Amino acid sequence: MDLHRIGVKLFLEDNAKLDLLDLIPVFHRWIQTHSLDGLLIDVADYSHLDRGPGILLVAHEGNYGLDESGGRRGLVYYSKRPLAGTLSQRIESVCQRALTACRLLEEERSLDDSVRFVGNELELFFNDRLRAPNTHETMTAVQPAIIEALARLYPQADPSLSADADPKARFSVLVRVPSPTDAATLLERCRAA
């Protein structure tokens, strides 16, 4: 499938104490210091929305954000522009961008070590309801590429994949592996690929 609007959400640890508004100056500093690859443009505050996009860092290639959708906080990155490579390579690229941002947040001194990400669970999603409707056929089509990308992230694990069954929802896959890991290890594996 020729999908490019790909996203990933990496979940915060349940005990993470984080005021979303504390991210606004952090994201503005990332823009000023070019902390992430690509053209970082602006910061948007959606923290007033219940289970919404939280704080968004708008970039030309894709958006980053600390998202609260689904009732779970996590860092989201989703691409908005065409990506190079196979679908598996595109998924890996999106994961690498998200993991880079996760590590920057984990290392952010102004957040008082309150940010840690769970590495053995993530959500992949595709923001293209025309090319990737939320159907069993879409899962069958993208599953080989997902498994190939996950083999690099979780080389010794057998990830479980579960798709959202709601046909009105965007196509998304929750990925879980039994062994705990962290964002630093996942990022290292992405960079080695």
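Everything discussed here concerns the structure shown above.
Here's what I pulled together on the structure shown here. (Residues numbered from 1 in each chain as written. Predicted model: local features only at pLDDT ≥ 70, side-chain atom pairs only at ≥ 80, totals over all residues. Heavy atoms only, no water.)

**Quick notes on the sheet that holds strand S5 (residues 74-79)**
- Strand order in the open sheet formed by eight strands is S2-S3-S4-S5-S1-S6-S8-S7, with antiparallel pairing between adjacent strands. Unpaired on one side and paired on the other, strand S2 (40-46) and strand S7 (160-163) mark the two borders of the sheet. On average, adjacent strands in this sheet sit at an angle of 20° to one another, irrespective of strand direction.
- Taken together, the six bridges between strand S6 (residues 117-126) and strand S8 (residues 171-176) define a ladder with antiparallel strand orientation. Residue pairing in the sheet places phenylalanine 125 in a bridge with serine 172 of S8.
- Across the sheet, helix H1 (residues 23-33) lies against S2, strand S3 (54-59) and strand S4 (62-67), angled at about 170° from S2, the strand it touches most. (Pairing = 2+ DSSP bridges. Helix = DSSP H or I, 4+ residues; strand = E, 2+ residues; numbered from the N terminus. Axes fitted to C-alpha atoms, helices over the stretch in contact; angles between N-to-C directions. Contact = heavy atoms within 4.5 Å.)

**Let's talk about the nonpolar core**
- Within the largest apolar cluster, 56 residues are counted, with the highest numbers of intra-cluster contacts made by Ile91 and Leu105.
- When residues of this core are assigned to their parent elements, the largest contribution, nine residues, is made by helix H2 (residues 87-107).
- Not counting the four nearest positions on each side in its chain, isoleucine 91 is found in contact with Ile6, Leu124, Phe126, Ala145, Ile146 and Ala149. (Core = buried A, V, L, I, M, F, W, Y, C linked by side-chain atoms within 4.5 Å. Buried < 20%, exposed > 50% of the residue type's maximum accessible area, 1.4 Å probe, protein only.)

**Notes on the packing of aromatic side chains**
- In this structure the tally under the stated criterion is four aromatic pairs.
- Pairing tyrosine 64 with tyrosine 77 gives two aromatic rings, centres 4.6 Å apart and planes at 50°, and the pair type is tilted. Pair noted here: tyrosine 64 is in strand S4 and tyrosine 77 is in strand S5, with a separation of 13 residues, a long-range link. Of the two residues, tyrosine 64 and tyrosine 77, neither departs from the other in class, the shared state being buried.
- On the numbers, 6.4 Å between centres and 55° between planes, the contact of tyrosine 78 with phenylalanine 125 is tilted. Of the two residues, tyrosine 78 is situated in strand S5 and phenylalanine 125 in strand S6; the sequence distance between them amounts to 47 residues.
- Positioned above the aromatic ring of phenylalanine 11 is the side chain of arginine 72, whose terminal nitrogen or guanidinium carbon lies 3.8 Å from the ring centre.
- The ring of phenylalanine 125 has arginine 170 lying over it, and the distance from NZ or CZ to the ring centre is 3.7 Å. (Phe/Tyr/Trp six-rings, centres within 6.5 Å; stacked < 30°, edge-to-face > 60°. Lys NZ or Arg CZ within 6 Å of the ring centre and 35° of its normal.)

**Overview of the pairing of strand S1 (residues 6-12)**
- With seven of its seven residues buried, S1 lies for the most part within the structure.
- Judged from the six bridges that link them, S1 and S6 form a sheet pairing that is antiparallel. Across the sheet, leucine 12 pairs through a bridge with phenylalanine 117, a residue of S6.
- Where S1 lies against S5, five bridges are found, and the strand directions are antiparallel. Its bridge partner lying in S5, valine 8 is registered against tyrosine 77.

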